[in-house]
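# Observations on the three-dimensional arrangement
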Amino acid sequence: MRIFSKSSKLDNVLYDVRGPVVEEANRLEEEGRHILKLNIGNPAPFGFSAPEEVITDMMQNVRNSQGYSDSRGIFAARKAIMQYCQLKKLPNVTLDGIYTGNGVSELINMAMQALLDNGDEILIPSPDYPLWTACATLSGGKAVHYICDEQSEWNPDIEDIKKKITYKTKAIVVINPNNPTGALYPKEILEQIVQIAREHELMIFSDEIYDRLVMDGLEHVSIASLAPDLFCVTFSGLSKSHMVAGFRVGWMVLSGDKGKGKDYIEGLNMLSNMRLCSNVPSQTIVQTALGGYQSVNEYILPGGRIYEQREFVYNALRDIPGITVVKPKAAFYIFPKLDVNKFNITNDEQFAYDFLREKQVLIVHGGGFNWKNPDHFRVVFLPDLRTLKSATGKLADFLQSYHQK
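As the structure is a computational prediction, the values presented were derived from the model and not from experiment.

## What to know about the sheet that holds strand 11 (residues 333-334)
What the three strands build is an open sheet, ordered 11-15-14; its pairing is antiparallel. The open sheet terminates on both sides in strands that have one partner only, identified here as strand 11 and strand 14 (364-365). Judged from the two bridges that link them, strand 14 and strand 15 (residues 377-380) form a sheet pairing that is antiparallel. Note that in strand 15 the partner of His365 across the bridge is Phe377.

Dropping the structure here:
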């Protein structure tokens with residue numbers, strides 16, 4: 001296990017919850033200013049709540065959840081996760097290959113620590129959920145970013161992936177559905193990624209935390225279901241689909257040819273044992289959450305909050321001169337593009353800062369997601385329609401006269 005002191009390696013970690021723009025937002029709040037926060041995917045502050053049976057289950061099990069569990073998790077939780085994986089057609093999933101975690105974030109960190117040595121490379125999408133890049137870097141590895149193509153609805157650029165592979169490449173990360181773009185990858189793209197991994201003997205890590213937040217009648221395909229001959233690690237949890245981000249309920253599932261990952265699994269088991277176990281009261285809700293009524297379905301159908309808020313924010317952003325945008329198919333994020341020539345933008349973080357200062361609206365600039373060009377930003381569309389109307393109206397007004405100095 002590697003221990004790092006604070007360093008510049010942390011500079012690009014999670015701009016939605018830290019960084020100079022967020023720090024300025026906090027300062028403005030301390031002055032008594034109201035900040036409209038469109039920067040973090042936390043459903044609870046926006047009126048979303050977990051299914052009542054999930055809350056009840058947690059309360060009833062707290063008294064019996066005061067001790068440690070198996071380091072991988074309690075039997076009932078892992079059994080429910082295994083059954084869910086069977087529905088998703090993940091091959092060769094067993095109870096001993098399922099690890100519960102304090103959210104997916106903890107498990108990503110564990111997964112990278114077990115895999116990477118100094119100089120090892122791992123392919124990560126750009127834009128990405130920045131924790132992947134941070135954990136790879138802090139584990140001693142090198143994050144090599146492959147491009148997701150905006151012109152192709154933010155799907156991974158297969159040719160760019162091929163160009164980025166070297167003899168040092170150990171694995172490829174897939175974030176599907178994607179944060180920050182809201183893209184949902186079609187089966188054909190996933191099959192091509194599998195073929196690349198097969199040819200180069202790469203592990204596949206698939207972040208699927210938003211797999212139950214898919215709209216427009218589309219279906220999420222787990223890449224591990226297409227790769228029975230490869231070693232895959234799939235991540236998911238309840239934070240987004242069941243609106244319980246604060247409960248920290250995540251899991252990691254090993255599938256496929258586990259013989260190819262024997263040494264890796266030994267490392268995972270050591271790291272899992274070192275942290276003793278994940279939050280036991282939260283583990284007790286997994287069975288009820290996965291097997292019970294899926295209230296999230298009400299949100300993602302026409303008339304549901306997430307669906308209607310997506311429709312509104314997409315159309316509102318598209319109507320603003322100088323902005324183009326790809327319609328997200330999943331999750332609750334949208335990643336618009338700015339006309340940098342029109343607004344003379346050379347620094348997207350400065351754009352986010354200026355917008356915050358003038359209109360008291362907090363967004364995350366594209367660079368916070370390891371996107372190199374200063375031409376994008378992410379909006380979380382969890383707030384209600386009235387709030388989103390206010391936010392997009394402020395953005396339109398701001399951009400009417402904005403010209404970066």
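## Focus: the side chain of Ser282
Tracing the backbone through its elements, the reader meets Ser282 in helix 9 (residues 280-283). Within the structure, the side chain of Ser282 is placed 2.7 Å from the backbone oxygen of Phe247, a separation counted as a polar contact. Setting aside chain neighbours within four positions, we find Ser282 in contact with Met58, Phe247, Arg248 and Val249.

## A short note on the pairing of strand 9 (residues 249-256)
Extensive coverage of strand 9 is indicated by the burial of eight of its eight residues. Note: strand 2 (residues 98-102) against strand 9, five bridges, orientation antiparallel. If you follow Thr100 over to strand 9, its bridge partner there is Trp251.

## Topic: the side chain of Ser278
Within the element layout of this structure, Ser278 appears in the loop between helix 8 (262-274) and helix 9. For Ser278, the side chain forms a polar contact with the side chain of Thr100, separated by 2.8 Å.

## Focus: the pairing of strand 3 (residues 121-126)
Across the six residues that make up strand 3, a large majority, six, are buried. Burial along strand 3 is two-sided: Glu121, Leu123 and Pro125 and Ile122, Ile124 and Ser126, pointing in opposite directions, are all buried. Once the chain exits strand 3 it traverses helix 5 (residues 131-138) before rejoining the sheet at strand 4 (residues 142-149), and the crossover so formed is right-handed. Two elements, strand 3 and strand 6 (residues 169-175), share three bridges in a ladder whose sense is parallel. Paired with Ile122 across the two strands is Ala171, which belongs to strand 6.

Reading the values: rules and limits
- Residues numbered from 1 in each chain as written.
- Predicted model: local features only at pLDDT ≥ 70, side-chain atom pairs only at ≥ 80, totals over all residues.
- Heavy atoms only, no water.
- Pairing = 2+ DSSP bridges.
- Helix = DSSP H or I, 4+ residues; strand = E, 2+ residues; numbered from the N terminus.
- Polar contact = N/O pair within 3.5 Å; in protein donor to acceptor, adjacent residues only side chain to side chain.
- Contact = heavy atoms within 4.5 Å.
- Buried < 20%, exposed > 50% of the residue type's maximum accessible area, 1.4 Å probe, protein only.
- Right-handed = clockwise from strand over helix to strand, strands pointing away.

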